Amino acid sequence: MEKKLRLGVIGIGGMGTGHLNHHVKNPRVELVALCDIIVERAENAIEKFGLVNTKAYKDYKEMIDTEELDAVDIVTPNYLHSIIACYAFEKGLHVFSEKPDAVSVEEALKMKEASEKAGKTLMVMRNNRYYTNSVYLKKAIENGECGDIYCGRCGWIRRRGIPGKGGWFTTKAQSGGGPLIDLGVHMIDLAMWLMGNPKPVSVSGCTFNKFANNEAQADSEHSKFGDSNKDGTFDVEDLAMGFIRFENGACLQIEFSWASNIEKEMRFVELRGSKAGVKWSDDGSAYIYGEEGGKLTNVARTCDMGNGHAEALKHFARIVLDGDKPDFVPQQGINMIGILEAMYKSAETGKEVIL
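Residues numbered from 1 in each chain as written. Predicted model: local features only at pLDDT ≥ 70, side-chain atom pairs only at ≥ 80, totals over all residues. Heavy atoms only, no water.

Asker: So what exactly am I meant to see when it comes to the packing of helix H1 (residues 15–23) against helix H10 (residues 308–322) here?
Answerer: Two measures define how a pair of helices packs: the angle their axes make with one another and the distance between the axes. Between H1 and H10, the shortest axis-to-axis distance is 9 Å and the interhelical angle comes to 65°. It follows from the interaxial angle that H1 and H10 lie roughly perpendicular. Crossing hand, H1 versus H10: right-handed. Seen from H1, the contacting residues are Met15, His19, His22 and His23; seen from H10, they are His309, Ala310 and Leu313. Of the residues assigned to the contact of H1 with H10, the class counts are 3 nonpolar, 4 polar and no charged. (Axes fitted to C-alpha atoms, helices over the stretch in contact; angles between N-to-C directions. Helix = DSSP H or I, 4+ residues; strand = E, 2+ residues; numbered from the N terminus. Parallel < 35°, antiparallel > 145°, perpendicular 65-115°, else oblique. Left-handed = near helix turned anticlockwise from the far one by under 90°. Contact = heavy atoms within 4.5 Å. Nonpolar A, V, L, I, M, F, W, Y, C, P; charged D, E, K, R; others polar.)

In structure tokens, the structure reads:
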């Protein structure tokens, strides 16, 4: 009988339900327990997904201490990622966590060190790497079709879409920041992954908070994430723009917003290479812009993107069960949080920050 990953999921609201949607479809995963501080969420999810032998918990420590688990999937507010992960590692479990890795480099380092001490896998959600158009462009770049990738730009900008306004998303002590840490991890990681994960060496940028007290009612479905609180806190940015330099001489422009007066929401990555440039779009398209025989060439491919979240979670299961080589390593997470921390510091000081 094929071994299954005995998994406990911590955090059932919002993205937690999304993770469960994928776990229940994976025949190699056994959902042993679900945990949420609002235990009814865990109980309702057990009923919704028809989980017969799955137990509900309110306290993640009790769940980890009581159940015989192989791993946990952490889908909580950002500040808890490192705290729960380190506890799980101490108990000898593998860890998958939603992004961002942590709310500070210090916390990300704790996670990495705890995983190494335990000899267990730490993987953080990097779903954009697994989309069909991402894989297509990655292969083209690795095959040398684009030459030297030396610069680019990426972003995720929304016209409206502030998640859980007044709740943990907009409270810096719990989230670590606004769209830069919420959306930025996704697109910066995709761009850097396509570039070959170069080491960042300096960051400069600006952040803005223009919609905290905006009474406009228009919003997108993204506002439904998290629990809003009309009397809550909004002490994070709603837009961030910046510039990253890498050790190999390459650079990357970045822009992320929850709310901007723009035409429409967009996710994008554009990279320039010495032989050809590439463009990734969230409609499933991938473009390669080059030149051949003295003529400009445009290669376009549009396809079903697939489901990056599902593929990332399946990959984690294969790492633990089959010993597959991880696509993500914790140092990439430390580099990512280092970039975000430096961006916030640069915005505060008005100066470039050396990493």
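Asker: Sorry, what's going on with the sheet that holds strand E6 (residues 122–124) here?
Answerer: In a beta sheet, neighbouring strands are held together by backbone hydrogen bonds and run either parallel or antiparallel to one another. Strands sit in the order E3-E2-E1-E4-E5-E6 across an open sheet of 6 strands; the sheet is parallel. This sheet does not close on itself; its edge strands, each paired only once, are strand E3 (55–57) and E6. The mean angle between the axes of side-by-side strands here comes to 25°, regardless of whether they run parallel or antiparallel. Each of strand E1 (5–10), strand E2 (29–35), strand E4 (71–74) and strand E5 (94–97) touches H1; the most contacted strand, E2, lies at about 160° to it. (Pairing = 2+ DSSP bridges.)

Asker: What is the right way to read the packing of aromatic side chains from this model?
Answerer: Any pair of aromatic rings gets described here by the distance separating the centres and the angle formed by the planes. Enumeration over the complete set of coordinates arrives at 5 aromatic pairs. Summarising the aromatic geometry, the rings of Phe96 and Phe316 are spaced 5.5 Å apart at their centres and angled 65° between planes, so their arrangement reads as edge-to-face. Of this pair, Phe96 sits in strand E5 while Phe316 sits in helix H10, placing them 220 residues apart in sequence. Each member of the pair Phe96 and Phe316 is classed as buried. Arranged with centres 4.0 Å apart and planes meeting at 25°, the rings of Trp168 and Phe169 form a pair that is stacked. (Phe/Tyr/Trp six-rings, centres within 6.5 Å; stacked < 30°, edge-to-face > 60°. Buried < 20%, exposed > 50% of the residue type's maximum accessible area, 1.4 Å probe, protein only.)

Asker: Help me understand the sheet that holds strand E7 (residues 149–157) in this model?
Answerer: The strand order across the open sheet built from 9 strands is E14-E13-E12-E11-E7-E10-E9-E8-E15, with neighbouring strands paired in mixed fashion. With one partner strand each, in any of the chains shown, strand E14 (295–302) and strand E15 (353–354) form the two edges of the open sheet. Two strands pair when backbone bridges link them, and strand E13 (residues 285–292) and E14 are joined in this way by 8 bridges, in the antiparallel orientation. Each bridged residue has a counterpart across the sheet, and for Ile288 the counterpart in E14 is Val299. Along the sheet, helix H9 (residues 184–194) makes contact with E7, strand E8 (200–208), strand E9 (239–246), strand E10 (251–257), strand E11 (266–273) and strand E12 (277–281), crossing E11 at roughly 20°. Seen against the sheet, helix H11 (residues 330–349) touches E8, E9, E10 and E15 and runs at an angle of roughly 50° to E8.

Asker: Just to check I follow, could you spell out the environment of Val353 for this structure?
Answerer: Examined against the element boundaries, Val353 turns out to sit in strand E15. Judged by relative accessible area, Val353 falls into the buried class, the value being 11%. Placed 151 residues apart in sequence, Val353 and Ser202 show a C-alpha to C-alpha distance of 5.5 Å. When neighbours within four sequence positions are excluded, Val353 is seen to be in contact with Val201, Ser202, Val203, Ala342, Lys345 and Ser346.

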